[in-house]
Amino acid sequence: MGYRVSLIPGDGIGPEVTNAARRVAEATGVSIEWETVEAGEPAIKAHGTPLPDSVLDSIRKNRLALKGPITTPIGSGFRSVNVALRQQLDLFASVRPARAIAGEGTRYPETNLIVVREATEGLYAGVEHWVDRDHTAAETVNIVTRKASDRIIRFAFELARREHRRQVTAVHKANIMKTTGGLFQTAFREMAAKYPDIPSDERLIDNMCMQLAKKPEEYDVIVTTNLFGDILSDLCAGLAGGLGVAPGALYGDSIAVFEPVHGSAPKYAGQDRADPVAEILCVELLLRHVGEREAADRIFRAVWETIAEKKVVTYDLALPGYTQRPVTPSTCSAMAKEIARKVPEVDLDRPLPRPRAVAAGPIDPALEA
Ligand code: NAD
């Protein structure tokens, strides 16, 4: 059976990492027809807008998309294409698994968390304005509705049940934001009562950050509002090995869009240096979503073995201080080629070794964002 998937290369490192992901997808043998549509900088050049209707039409038609990162101007300029896409397609659930791969690039080799983030409202609703004419005061409105809170919390419990996860933790700031945080908290408590088989608890966002930095193994599925989810998913990506290896998925009622947690990394654009793993693992999530389990398992295994072998890895996985065995960094395309080569060969019956902790060492300043 073949699949038709909208492909949005995006901008910055997007075209490089989506090319890499396509190459690995092809190696699985699953028949995918890619429908390429441009958003971000190439779309501004071609169509005068960063999000042409053709992108939304293609995703609505195919109901499956693989997306590269898209640059958003900071502080001014057009609104985020990424946020607009989520809102216009009602992609309400942003799901970001943070799995340590082969224990490389992480001090927490057993990290296995999933951040479930509400993606259509909260502080990202786009309701903001200057309060005075001189622009000395500004206001952003935090919109939290019962409908969207119920929807995302139900999604998190269903995911936990389907994937046999241990527990669901709600993250909010209901002690300070008593209305928006309080609403989310109430919605969580009432929904948790409907899932008595799944243990649940709550954390305030500040405490959650500290807990995750100290003992991430105590958490499993985390469900939260838009801004907190954005921040926590980067934090969890860091725990699991870095932005270069963190995939993500956006789900609506009938549409699924897969995109990495990382952004367009403009400083590496066009250099064939970016880590392709996050985008490649987006293909893994896509194949899992459509029921192509073996192909998905093959991709994960091939990524794991390539990272564990450390012969052909990009700069972020090859730096001293990040690994026990520093190696010469390879290009994005070479790493993708190596993963694609392994996909049909990996032995899925052999259990994955238990990941080892990497000795703490100096962090290379090149990795500081
Ligand atoms: P970023 O994720 O692009 O970069 C953060 C750091 O991680 C940088 O040092 C970068 O070089 C490094 N990095 C990121 N991805 C990497 C990869 N695949 N391989 C190796 N190193 C990698 O975040 P940023 O600098 O805050 O944002 C850059 C742009 O991306 C902004 O315009 C932002 O709005 C946009 N962005 C888009 C998305 C998206 O499309 N979903 C997500 C986040 C940020």
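Residues numbered from 1 in each chain as written. Predicted model: local features only at pLDDT ≥ 70, side-chain atom pairs only at ≥ 80, totals over all residues. Heavy atoms only, no water.

Here's the deal with the site of the ligand
Around the ligand, the structure places 22 residues, and the nearest of them are I70, G263, A265, D275 and Y315. Note that an oxygen atom of the ligand is positioned 2.8 Å from one of the backbone N or O atoms of A265. Here D275 contributes a backbone N or O atom positioned 2.8 Å from a nitrogen atom of the ligand. Against a free-state accessible area of 810 Å², the protein chains account for coverage of 78% of the ligand. Among the residues making up the shell around the ligand, the classes are represented as 11 nonpolar, six polar and five charged. (Near = heavy atom within 4 Å. Polar contact = N/O pair within 3.5 Å; in protein donor to acceptor, adjacent residues only side chain to side chain. Areas by Shrake-Rupley, 256 points an atom, 1.4 Å probe, with all protein chains shown as cover. Nonpolar A, V, L, I, M, F, W, Y, C, P; charged D, E, K, R; others polar.)

Digging into the confidence of the model for the protein
The predicted coordinates should not be examined in detail at positions where pLDDT is low. Taken residue by residue, the protein gives an average pLDDT of 91. The fraction at 70 or more is 92%. Note on residues 359-369: pLDDT under 50 across the span, and 18 contacts to partners over four residues away in sequence or across chains. (pLDDT = per-residue confidence, 0-100. Contact = heavy atoms within 4.5 Å.)

Let's talk about helix α6 (residues 180-193)
Helix length check: α6 (14 residues) gives 20 Å between terminal C-alpha atoms against 20 Å at 1.5 Å per residue, within 8%. For α6, the complete set of buried residues consists of T180, G181, G182, F184, Q185, A187, F188, M191 and A192. Buried residues along α6 sit against α5 (146-162), β8 (168-172), β9 (200-204) and β10 (221-224). (Helix = DSSP H or I, 4+ residues; strand = E, 2+ residues; numbered from the N terminus. Expected span 1.5 Å × (residues − 1). Buried < 20%, exposed > 50% of the residue type's maximum accessible area, 1.4 Å probe, protein only.)

Brief notes about unusual backbone geometry
Leaving glycine out, the prevailing phi sign among residues is negative, and the prevailing peptide bond configuration is trans. The residue R63 is not glycine, and still its phi comes out positive at about 60°. Here R63 shows up in the loop between α3 (53-62) and β3 (64-67). Assessed through its relative accessible area of 46%, R63 is described here as partly exposed. Of note, the phi angle at A265 is positive, near 35°, even though the residue is not glycine. Relative to the elements of secondary structure, A265 occurs in the loop between β12 (256-258) and α9 (277-289).

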